[in-house]
Amino acid sequence: MEEWRGKVALITGASRGIGRAIARTLAEKGLYLALCARSQEALETLRVELAAFGAEVFVCAGDLADPAFPIRFVREAGEYFGRLDVVVNNAGVALAKPLEETTLEEWELQMAVNVRAPFLICREALPYLRRSALATIINISSVVGTKGYVHQGAYTASKHALMGFTKVLARELHPEGIRVHVIAPGGVGTDLIAAMRPDLLGERLITPEEIAEIVWFLLTMRNKNAVIDEVNVRRASNEPWK
Ligand SMILES: NC(=O)c1ccc[n+]([C@@H]2O[C@H](COP(=O)([O-])OP(=O)(O)OC[C@H]3O[C@@H](n4cnc5c(N)ncnc54)[C@H](OP(=O)(O)O)[C@@H]3O)[C@@H](O)[C@H]2O)c1
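Residues numbered from 1 in each chain as written. Predicted model: local features only at pLDDT ≥ 70, side-chain atom pairs only at ≥ 80, totals over all residues. Heavy atoms only, no water.

## A look at the side chain of Gln-110
Along the chain, Gln-110 turns up in helix α4 (residues 104–129). In this structure Gln-110 comes out as buried when scored by relative accessible area, which is 2%. Aside from chain neighbours lying at most four places away, what touches Gln-110 is Val-93, Ala-94, Leu-95, Val-115, Ala-154, Tyr-155 and Ser-158. (Helix = DSSP H or I, 4+ residues; strand = E, 2+ residues; numbered from the N terminus. Buried < 20%, exposed > 50% of the residue type's maximum accessible area, 1.4 Å probe, protein only. Contact = heavy atoms within 4.5 Å.)

So, in structure tokens, the structure goes:
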């Protein structure tokens, strides 16, 4: 666990729900955090809360639907900490509507926030990740990244696309020892599910904290894989920067 202390995780959509739980868990484990969401106020409140764990926290408010913002967020976070070790593309928007009634603007918003922003963040973060011996990307997809549910056409298309580029990125970066994961949850008890599937609220939902535990599992189990470990050792010895 000690190897993660002081390492930097960049998390999108950290102000509420799953992103907030991931931020809290990683702060508890000793990581420093770069966090974004649209609400500056919510991010400032979270920064104060996470300071209790001794976490250094950089917050950046902005809209991931604007293609300039993901690029600015990574640049400012990288300049602030001088390093990035983990990227968690968590922010997402959902839409409950028959495909036939979905407007072009609604379709494009799903694609912009759920796919284009993660793509830009991964691309911009790579120069930093390449300098980290623990480099990891975790993209939060959904069960609709592989399945199709009625009235979730645009959301489903965006999560399939996220899943697709994540698979390719995992293969492209594997030779360098950069780990790329996707988590595809079913219903998680957050604002998003309350709006999308209010019928599920009486059911047992996954908790945001359970998703955060999966993120921590993925970060810490990396050395169990001998092949990856070998790549990491070789790369770390070439780049001793800690
Ligand atoms: N909840 C579920 O059942 C479930 C299931 C499977 C997958 N997921 C996925 O898990 C991820 C997190 O979902 P959640 O349930 O935690 O959602 P949530 O409670 O609605 O939180 C979404 C987070 O993303 C931020 N965000 C939304 N739009 C943004 C934008 N345009 N620019 C910047 N930040 C934005 C929000 O902050 P602001 O509003 O302040 O911007 C908030 O911090 C999403 O990718 C979602 O698709 C959720």
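## Topic: the side chain of Asn-90
Among the structural elements, Asn-90 can be located in the loop between β4 (86–89) and α4. Among residues more than four places away in sequence, those in contact with Asn-90 are Thr-12, Gly-13, Ile-18, Gly-19 and Ile-140.

## Description of the pattern of salt bridges
Applying the stated criterion across every chain, the model contains 14 salt bridges. The residue Arg-5 makes a salt bridge to Glu-2 at a minimum N-O spacing of 3.3 Å. A relative accessible area of 47% means that Arg-5 is categorised as partly exposed. Note that Arg-130 and Glu-176 form a salt bridge whose closest N and O atoms lie 2.6 Å from each other. (Salt bridge = Lys/Arg side-chain N within 4 Å of Asp/Glu carboxyl O.)

## Focus: the pairing of strand β3 (residues 57–61)
Among the five residues of β3, four are classified as buried, and the element is accordingly described as predominantly covered. Sheet topology note: the strand β2 (residues 32–37)/β3 ladder contains five bridges and is parallel. For Ala-34, the partnering residue across the bridge sits in β3 and is Phe-58. This β-α-β element, β2 to helix α2 (residues 40–51) to β3, shows right-handed connectivity. (Pairing = 2+ DSSP bridges. Right-handed = clockwise from strand over helix to strand, strands pointing away.)

## What to know about α4
An α-helical turn contains 3.6 residues, so any two residues separated by three or four positions project in the same direction. Taking 1.5 Å per residue, 26 residues should reach 38 Å; α4 reaches 35 Å between its end C-alpha atoms and fits that length. Maximal helix bending in α4 amounts to about 40°, located at Ala-112. (Expected span 1.5 Å × (residues − 1). Bend = angle between axes of the 7 residues up to and from the residue.)

## Details of the packing of aromatic side chains
The full count for this structure, using the stated rule, is five aromatic pairs. Judged by centre distance (5.0 Å) and plane angle (35°), the ring pair of Phe-58 and Tyr-80 falls under tilted. In this pair, Phe-58 is assigned in strand β3 and Tyr-80 in helix α3 (residues 68–81), connecting sequence segments 22 residues apart. Residue classification places Tyr-80 among the partly exposed positions, given a relative accessible area of 42%. Within the aromatic cluster, the residues linked to one another by ring pairs are Tyr-32, Phe-58, Tyr-80 and Phe-81. (Phe/Tyr/Trp six-rings, centres within 6.5 Å; stacked < 30°, edge-to-face > 60°.)

## Topic: the site of the ligand
The environment of the ligand is made up of 30 residues, and the closest members are Ser-15, Arg-16, Arg-38, Tyr-155 and Thr-190. In the environment of the ligand, an oxygen atom lies 3.1 Å from a nitrogen or oxygen atom belonging to the backbone of Gly-13. Between the ligand and the protein, one listed contact pairs an oxygen atom with a side-chain N or O atom of Tyr-155 at 2.6 Å. Compared with its free state, where it exposes 880 Å², the ligand has 95% of that area covered by protein. Of all the elements in the fold, those that place two or more residues in the shell around the ligand are α1 (17–28), α5 (153–173) and α6 (191–196). Residue contributions to the shell around the ligand peak at three residues, all from α6. The class makeup of the residues in the shell around the ligand is 13 nonpolar, 12 polar and five charged. (Near = heavy atom within 4 Å. Polar contact = N/O pair within 3.5 Å; in protein donor to acceptor, adjacent residues only side chain to side chain. Areas by Shrake-Rupley, 256 points an atom, 1.4 Å probe, with all protein chains shown as cover. Nonpolar A, V, L, I, M, F, W, Y, C, P; charged D, E, K, R; others polar.)

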